[in-house]
Amino acid sequence: MIVDEKTKIDPTSAVEIRPGVWWVGWPDHDAGFSNNPYLIIDGDEVILIDPGSRLEEHWNWVRKKVESIVPIEKITMVIVHHQDPDLCAAIPLIEEIIGINNFEIVTSERTALFIPYYGVKTEVTTVDDGDEIEVGTSGRVLRFLTSPYLHFPGAIVTYDTKEKILFSSDIFGGFSVNWNLYADEYYAEAVKNFAQPYFPDKRHVENFLQKIEKLDIDLICPQHGSIIPKEHIPDVINALRDLEVGVWK
Ligand SMILES: [Fe+2]
Ligand SMILES: [Fe+2]
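It should be emphasised that the depicted structure is a prediction, and the values quoted were computed from it without experimental measurement.

Here the iron ion (ligand 2) is held by the protein donor atoms Asp86 (OD), Asp170 (OD), Gln223 (OE1) and His224 (NE2), which lie 2.1 to 2.3 Å from it. The distance between the iron ion (ligand 2) and the iron ion (ligand 1) comes to 3.4 Å, and aspartate 170 binds to both of them. Like glutamine 223, the residue histidine 224 is buried in the burial classification.

Next up, the structure:
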């Protein structure tokens, strides 16, 4: 068991970050990069968010962690926030276990176009800005928000109204060699370094920040980097505000 000295958590295991919500990701220390799929269980609903890579050494982490909580066969829904392989490439492996059309795939219309390119046969449900779905038995509502050009035109994020979590995909992601599961006061710099080459124009960043200002957010769960607790949310929002992005020439 590897226990993070600061947070006293073991990142080699699934970590319950809120009741019924787990981090099931893996840190890639060599690349200074973590990939962060998340699992939500609510009644019979088992939702895997941004499942990840199909590389054996990556998928084995996710699979092992999910199975420490619930059999993979119980997954009812996979949410993917855009079409990148670090989110979507594992979907055919899930299909191999569960079967085609035995779980739901939820994403945006533009992303849905590319999901079959991974060899996925399951039908895809598409959502648009502000769409909501009720899942499970607790009255949990997931709200989808578009985040155009951050970094894909059809990118979306998910807001869990029950636990007030924003699953923000690549937004608020960070490269961090000294990775911790939870962000500290230095994480805002990692967010800047990630965003600068990745997002094309600060207008899109501003639009997104305005959109999430209306939400009551307790926790931000990005697809890379560290989970951002409430006390550091203003730091990472300020880090993106007025940031020069699209810097690669
Ligand atoms: Fe991406
Ligand atoms: Fe990503």
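In terms of residue burial, strand E5 (residues 38-42) counts as a mostly covered element, since four of its five residues are buried. Where strand E2 (residues 21-23) lies against E5, three bridges are found, and the strand directions are antiparallel. Across the sheet, valine 21 pairs through a bridge with isoleucine 40, a residue of E5. Relative to strand E6 (residues 45-49), E5 runs antiparallel, the two being bridged by five bridges. Note on E6: the bridge partner recorded for tyrosine 38 is isoleucine 49. With antiparallel pairing between neighbouring strands as the criterion, E5 and E6 make up a hairpin whose turn holds two residues, including glycine 43 at a positive phi of roughly 60°.

The iron ion (ligand 1) binds to the protein through His82 (NE2), Asp84 (OD), His151 (NE2) and Asp170 (OD); the donor distances cover 2.1 to 2.2 Å. Classification of the site at the iron ion (ligand 1) rests on its four donor atoms, whose angles at the metal span 84 to 168°, yielding the label irregular. Read from N- to C-terminus, the donor residues coordinating the iron ion (ligand 1) fall into the pattern H-x1-D-x66-H-x18-D.

Taking strand neighbours across the sheet as the criterion, the seven strands line up as E1-E2-E5-E6-E7-E8-E9 in an open arrangement whose pairing is mixed. The outermost strands of the open sheet, each flanked by one partner alone, are strand E1 (15-18) and strand E9 (124-127). Adjacent strand axes in the sheet meet at a mean angle of 25° when their direction is disregarded.

Turning next to the sheet that holds strand E15 (residues 228-229). With mixed pairing, the six strands of this open sheet are ordered in space as E10-E11-E12-E13-E14-E15. Each having just a single partner strand, strand E10 (132-135) and E15 make up the two edges of the open sheet. For strand E11 (residues 140-146) and strand E12 (residues 156-160), the ladder comprises five bridges, and the chain directions are antiparallel. Bridge pairing links leucine 142 to aspartate 160 in E12.

Another point: the pattern of salt bridges. Within the structure shown, the criterion is met by 13 salt bridges. Residue arginine 143 is joined to glutamate 132 by a salt bridge in which the shortest nitrogen-to-oxygen separation is 2.7 Å. Remark: glutamate 132 occurs in strand E10 and arginine 143 occurs in strand E11; sequence separation between them is 11 residues. Residue classification places arginine 143 among the partly exposed positions, given a relative accessible area of 24%. Because the salt bridges share partners, they merge into one network encompassing Lys164, Asp216, Asp218 and Lys230.

This paragraph deals with helix H6 (residues 202-213). One turn of an α-helix holds 3.6 residues; hence residues three or four places apart share an orientation. The terminal C-alpha atoms of H6, which comprises 12 residues, lie 16 Å apart, in line with the 16 Å expected from a rise of 1.5 Å per residue. Where H6 begins, the side chain of aspartate 201 points an oxygen toward the backbone nitrogen of arginine 203, at a separation of 2.8 Å.

In this section: unusual backbone geometry. A cis amide bond links leucine 150 with the next residue in sequence, histidine 151, at an omega value of -5°. Within the secondary structure layout, histidine 151 lies in the loop between E11 and E12. Phi at asparagine 101 is positive, roughly 60°, even though this residue is not glycine. Counting through the fold element by element, asparagine 101 comes out in the loop between helix H3 (91-98) and strand E8 (104-108).

Definitions and limits used
- Residues numbered from 1 in each chain as written.
- Chains lettered and ligands numbered in written order.
- Predicted model: local features only at pLDDT ≥ 70, side-chain atom pairs only at ≥ 80, totals over all residues.
- Heavy atoms only, no water.
- Donors = N, O, S within 2.8 Å, 3.2 Å for Na, K, Ca; no water.
- Buried < 20%, exposed > 50% of the residue type's maximum accessible area, 1.4 Å probe, protein only.
- Helix = DSSP H or I, 4+ residues; strand = E, 2+ residues; numbered from the N terminus.
- Pairing = 2+ DSSP bridges.
- Tetrahedral: all angles 85-135°; square planar, octahedral: opposite > 155°, others 65-115°.
- Axes fitted to C-alpha atoms, helices over the stretch in contact; angles between N-to-C directions.
- Salt bridge = Lys/Arg side-chain N within 4 Å of Asp/Glu carboxyl O.
- Expected span 1.5 Å × (residues − 1).
- Polar contact = N/O pair within 3.5 Å; in protein donor to acceptor, adjacent residues only side chain to side chain.

Geometry only, nothing functional implied.
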